[in-house]
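# Secondary and tertiary structure notes
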Amino acid sequence: MDNNVFPKDFLWGGATAANQIEGAFDEDGRGLATSDFARLVSKQERDTEGKFDEHVPHNASSSEMVADMKANPDSWHLPKRWGIDFYHTYKEDIALLAEMGFKVFRMSISWSRIFPNGDDKQPNELGLAFYDKVFDECHKHGIEPMVTLSHFDTPLHLAEEYGGFLSRHTVDAFVHYAQTVIARYQSKVKYWLTFNEINNVLSNPFTSSGVILGGAKKVSDGNPYLGHWQEKFQAVHNQMVASALTVQLAHRINPNLRVGNMLCRLENYAESTKPEDQLQVLFEDHFNWFFTDVQANGEYPYYMKRFFKENHINVEFAPGDKEALLEGTVDFITISYYMTYVMRYRGEPVPKPTGRLVSDIKNPNLELSAWGWPIDPIGFRITLNHIYDRYHLPIFISENGLGAVDQLESDGRIIDDYRIDYMRKHVEQMREAIKDGVDVFGYAWWGPIDLVSSGTSEMTKRYGMIYVDQDDYGQGTGERKRKKSFYYYKKVIQSNGAELDNDIKY
Ligand code: BGP
């Protein structure tokens, strides 16, 4: 069997987000962001509550909670404020990534580090200088940075005063921010992503879009739940316009720059062979494709019209929006892929977004991670084919990974064979997809260094090949250690994906 399938310049690497690694939330002029109000919800707490729902609102989503977190920060655990201290350890951390042979490092810029309020006239030079140093460090090691402009950390000021992306003011502020950083770093950063998991607005409007449902001063209608689809779809429309304007401005600044989307790809299976279950798959699929259909094709797909009409959703297009979407289509597609979902007909002729991440219906054929996420490598191949079939654009895997509890051996080693197994199976299926003819140009493991979980703010949910000695409450030495998977990924990269067997010394 020919194992030399990956293109020779394939971008192997890993992905992180500013709010989950940097810490230093109030240093060097950084302003507050929505992520600074994401509270710790430990697995123990969720289990005690008898819930296993990844979408209980872990993150503050009402103005009351934000106000309390501001007034009494010490009575809350807000781990994204300290991250893993990457703001101070970036040199050592990037050197470790380089040791694994990384070709690409997907990271994000904290918007409020550059513009503390999100909409300031002048950028914060100290914030800009920090990313100069990070990009220089990457290049020193031959690593290409790929930068997400907004990864679940909308500046708080924009959330509180304008309801985040509900307002066109935030669109203008975002475009100004994008213009500033893209122009500044154009010679250091070629690949840009606009909004992380843009579809997350449906389940997590506060962190992803700065929308405080019913709470923001200028958008409150007095009822936190009323019309939230209206708000969510309006906010995401505004984000898609901001994204399209960013694609255009990046190309104007430098035609060599490439801008991609980022979708949390939800691949769905029907629970049975009943046509109705398959119909539910179609509905759910539409809610997932919608975002990329707009970002890649430049217009709203036909299938949303019925949903909008029957649910009285009226997405307001400002003059020029239609043209902006059409002229600002992305250069490549990126997805995060973690799992697949099972669909059962809900007895309704029109789709409704569930806003849930982990499906209620278990797939008996798949194992679950310790956090209840089904592990499905073949689904990865299926989804890559679906995406390529639909868009015929190059694909970059901007996230794939396994959150697990790691055990420290008495000699200090971390033997994470489960993570190696997960990676091997997913890379094998990606290789099959490439053989199928899918154009995949890179793969970023989510969280190559342990970081604060996005959904629950835990450290216990570890993704890394690099262990960080720190617990859920920020206690620990912060020391970095190479796990067994560190050497596995190194071998995968060195062989350009040709050697995937688990045979490594540790
Ligand atoms: C995606 C996010 C990441 C991330 C990952 C894993 O939704 O883009 O920021 O953290 O999922 O999720 P979690 O951290 O909740 O395990």
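Note: the structure precedes this text.
Residues numbered from 1 in each chain as written. Predicted model: local features only at pLDDT ≥ 70, side-chain atom pairs only at ≥ 80, totals over all residues. Heavy atoms only, no water.

### With respect to the side chain of Thr-154
Relative to the helices and strands, Thr-154 resides in the loop between strand 3 (144–150) and helix 7 (156–162). The exposure class of Thr-154 is buried, given its relative accessible area of 0%. Residue contacts for Thr-154: discarding those within four places in its chain leaves Ala-33, Thr-34, Trp-111, Thr-207, Ser-208, Ser-209 and Gly-210. (Helix = DSSP H or I, 4+ residues; strand = E, 2+ residues; numbered from the N terminus. Buried < 20%, exposed > 50% of the residue type's maximum accessible area, 1.4 Å probe, protein only. Contact = heavy atoms within 4.5 Å.)

### Things to note about the nonpolar core
Ranked by internal contacts, the top residues of the largest apolar core, which has 139 residues, are Trp-192, Phe-233, Met-430, Tyr-443 and Tyr-489. Looking at this core element by element, the count peaks at 11 residues for helix 10 (residues 228–253). Contacts of Tyr-489, omitting those with residues within four sequence positions, involve Trp-12, Gly-13, Met-100, Phe-102, Met-423, Tyr-443, Trp-445 and Met-465. Judged by nonpolar contacts, the second largest core, of eight residues, contains Phe-37, Val-66, Met-69 and Phe-206. (Core = buried A, V, L, I, M, F, W, Y, C linked by side-chain atoms within 4.5 Å.)

### Some points on the side chain of Thr-334
Relative to the assigned elements, Thr-334 resides in strand 8 (residues 333–336). Only 3.0 Å separates the side chain of Thr-334 from the side chain of Ser-398, close enough to count as a polar contact. The residues contacting Thr-334, other than those within four sequence positions of it, are Leu-193, Asn-261, Met-262, Leu-263, Phe-396 and Ser-398. (Polar contact = N/O pair within 3.5 Å; in protein donor to acceptor, adjacent residues only side chain to side chain.)

### Some points on the pattern of salt bridges
Summed over all chains, the structure comprises 32 salt bridges. Where Lys-483 meets Asp-450, a salt bridge forms, and the shortest distance between an N and an O atom there is 2.8 Å. Here Asp-450 lies in the loop between strand 11 (440–446) and strand 12 (466–468) and Lys-483 lies in the loop between strand 13 (480–482) and helix 16 (484–494), a separation of 33 residues in the sequence. You'll find Lys-483 and Asp-450 in the same group, each marked buried. (Salt bridge = Lys/Arg side-chain N within 4 Å of Asp/Glu carboxyl O.)

### A closer look at the site of the ligand
Around the ligand sit 14 residues, and of these Gln-20, Glu-197, Ser-454, Lys-461 and Tyr-463 come closest. Contact distances for the ligand include 2.7 Å between an oxygen atom and a side-chain N or O atom of Lys-461. Starting from 380 Å² of accessible surface for the ligand in isolation, the protein chains cover 95%. (Near = heavy atom within 4 Å. Areas by Shrake-Rupley, 256 points an atom, 1.4 Å probe, with all protein chains shown as cover.)

### Quick notes on helix 4 (residues 86–99)
The largest bend along helix 4 measures about 40 degrees and falls at Glu-92. For helix 4, the full list of buried residues reads Phe-86, Tyr-87, Thr-89, Tyr-90, Asp-93, Ile-94, Leu-96 and Leu-97. Directly beyond the C-terminal end of helix 4, a positive phi value near 95 degrees is found at Gly-101. (Bend = angle between axes of the 7 residues up to and from the residue.)

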